[in-house]
Amino acid sequence: MSNSLLPYDQLCLRAREVRLIRDMGSTLGWDQETYLPPSGVAWRADQLSWLGAEAHRRFTAPEVGDWIAAAEADPARAAENEAEAELHQANLREWRHDYDLATRLPVALVEEAAQAQAHAKEAWVAARQSSDFSLFAPHLGKLIDISRRKADCWGYETCAYDALLNSYERGTRSDKLEILFNDLRKDLVPLVAEATSHPRSPEDLLAGHYAVEKQQAFNREVAEAVGFDFQAGRIDTTVHPFCTDLGPCDVRLTTRYDESDFRSSLFGVLHEAGHGLYEQGLPPGFRGQPAGDSVSLGVHESQSRLWENHVGRSLAFWEIWLPRAAAHFPHLSRLTPQAMYLAVNHAKRSMIRVEADEVTYDLHIMLRFEIERGIFSGDLTVQDIPGEWNARFHQLMGLAVPSDSQGCLQDIHWSLGGFGYFPTYSLGNLNAAHLFAAAQRQDPAISPALAQGDYAPLLGWLRTQIHQQGRRHLPGDLITRAAGAPVSSEAMLTHLRTRYLS
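Read on for a plain summary of the structure. (Residues numbered from 1 in each chain as written. Predicted model: local features only at pLDDT ≥ 70, side-chain atom pairs only at ≥ 80, totals over all residues. Heavy atoms only, no water.)

## Observations concerning the packing of aromatic side chains
Aromatic rings considered in pairs are described by the distance between their centres and by the relative angle of their planes.
Part 1 of the reasoning: For the coordinates displayed, the defined rule picks out 24 aromatic pairs.
Part 2 of the reasoning: Aromatic side chains Phe59 and Tyr99 sit 6.0 Å apart centroid to centroid with 75 degrees between the ring planes, which places their arrangement in the edge-to-face category. One end of the pair, Phe59, is in helix 2 (residues 41-59); the other, Tyr99, is in helix 4 (residues 82-102), and 40 residues separate them in sequence. Just as Phe59 is buried, Tyr99 falls in that class too.
Part 3 of the reasoning: Measuring from centroid to centroid gives 6.4 Å for Trp414 and Phe422, while their planes differ by 85 degrees, and the two rings are edge-to-face.
Part 4 of the reasoning: The class of Phe422 is buried, set by a relative accessible area of 1%.
Part 5 of the reasoning: Joined through ring pairs, the aromatic side chains of Tyr161, Tyr168, Phe181, Tyr361, Phe369, Phe376, Trp389, Trp414, Phe419, Tyr421, Phe422 and Tyr425 make up one cluster.
Part 6 of the reasoning: Positioned above the aromatic ring of Phe230, the side-chain terminus of Arg220 is 4.0 Å from the ring centre.
Part 7 of the reasoning: Looking at Arg305, its charged tip hangs above the ring of Tyr361, at a distance of 3.9 Å from the centre. (Phe/Tyr/Trp six-rings, centres within 6.5 Å; stacked < 30°, edge-to-face > 60°. Helix = DSSP H or I, 4+ residues; strand = E, 2+ residues; numbered from the N terminus. Buried < 20%, exposed > 50% of the residue type's maximum accessible area, 1.4 Å probe, protein only. Lys NZ or Arg CZ within 6 Å of the ring centre and 35° of its normal.)

Right under this line is the structure:
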């Protein structure tokens, strides 16, 4: 690397190197979730550990800190105009934040975390298949210990869990979330009670056989229609649906299939396509720089929940898409769009978070938030988790948990060390409703376009207001700028009451 380069330019080159390494790790991680044979896990763990550590070493090297400091001291030197100077300022702000956090983590801890996660994922799959928490418990205990050590390295004011939350959503604290979730619970509990007793079209109207290959064809049609670019992405099958980006033109979606119910895969694809549209809409040419990266999980989740729920479960959507669905699944031709709309918005208390309706979904998140807080406050041990989960779930949902696989083992996140991740799902729900209402208010063309099956105006608004902004603004500021006001629960609760109680 030439010493004649300005510090800012050196940062851009190093950031690109680091992103290349991380993209290699993402590619291997995607393969592990989709096609890796079981005997390859140990070597894959070594590969991921080495790549994670190497990316960490390169980004935390002393010269990177020197370049950041030098660029901060004279930020305008490398910029040719005001817009470029603003972009550089945002990049420097985010590089400083990321560097300060990363340099507090020893390389050995990064390697240990990558190793532990690779093995934990396989243990989770086995434990989930056999519904035996004891198979996963030792791995979970190790990941909790690693997360505690990470939190200690990063630092926190009140509790270790705050450091973990902040790594996913800047500015988030557990005490603020507790207030938010308690307020939500006051409205959601009676709303759930009324919605689940509200007369609805019975779900058995959808009874029938849905061949996987036909589901795949229909899902692809829908994903293409909302704007997902299959020249720069694909859909595969996995145990737990996810979206990952392996490069600026390589976004992978995954889903799972149930031949007795097409909704699981369809709404899984719409959800992950929302994530994918965000990744495909990030500013080109800035890969590795904060300006070319998504801003937070709470904003990312807003995109998936917006397309899955506000678009995909709307009456306008099914007035357009029911004929196409019936072309793949002829027995659906007996339904009207209104009947389909009611069937896909049937509210009921259920075990599985990823298949929960909009009304009950956030109660699932509150449960996980409470369990995680208990773990990191020391009030709960690993061995306490199944019993505590089952008791709290029964209190929230009124349902008895029949097995670990339908209880505390249903999600992959803890096997990835993702403590503090779950609350971003509820933040995503709030952001989605807030943004969707703002988009329709700001652009009167969006609602009539959706009624015609034209998703370009909505996607265009999201591209401008969210996707193309990268990390130029902090998450809360980005939402406020886009919607014209800070996020609140008002838009979401209005949406839920309209859809489920009308």
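Continuing now.
## Looking at the nonpolar core
Part 1 of the reasoning: In this structure, Phe133, Phe136, Leu140, Trp414 and Phe419 are the most contacted members of the largest nonpolar core, which totals 68 residues.
Part 2 of the reasoning: When residues of this core are assigned to their parent elements, the largest contribution, 10 residues, is made by helix 14 (residues 358-377).
Part 3 of the reasoning: Look past the residues within four positions of Phe133 in its chain and what remains in contact with it is Leu140, Val382, Ile385, Pro386, Asp404, Cys408 and Leu409. (Core = buried A, V, L, I, M, F, W, Y, C linked by side-chain atoms within 4.5 Å. Contact = heavy atoms within 4.5 Å.)

## Quick notes on helix 8 (residues 174-197)
Part 1 of the reasoning: Between its first and last C-alpha atoms helix 8 spans 33 Å; for 24 residues at 1.5 Å apiece the expected length is 34 Å, and the two agree.
Part 2 of the reasoning: Buried within helix 8 we find Ser174, Leu177, Phe181, Leu184, Leu188, Leu191, Val192 and Ala195.
Part 3 of the reasoning: If you follow the buried residues of helix 8, they end up packed against helix 7 (160-168), helix 14, helix 16 (423-442) and helix 20 (490-501). (Expected span 1.5 Å × (residues − 1).)

## Describing the sheet that holds strand 1 (residues 233-237)
Part 1 of the reasoning: An order of 1-3-2 is seen for the three strands of this open sheet, with the pairing classed as mixed. The open sheet has two free edges, formed respectively by strand 1 and strand 2 (243-247), since each of these has just one partner strand. Strand-to-strand twist in this sheet, taken as the mean axis angle between neighbours without regard to direction, amounts to 25 degrees.
Part 2 of the reasoning: Here strand 2 pairs with strand 3 (residues 250-255) via four bridges, running antiparallel. Paired with Asp245 across the two strands is Val251, which belongs to strand 3.
Part 3 of the reasoning: In the packing of helix 1 (residues 7-34) onto the sheet, the strands contacted are strand 1, strand 2 and strand 3, and the crossing angle to strand 2 comes to about 135 degrees.
Part 4 of the reasoning: Of the strands in this sheet, strand 1, strand 2 and strand 3 are in contact with helix 10 (residues 263-281), which crosses strand 3 at around 165 degrees. (Pairing = 2+ DSSP bridges. Axes fitted to C-alpha atoms, helices over the stretch in contact; angles between N-to-C directions.)

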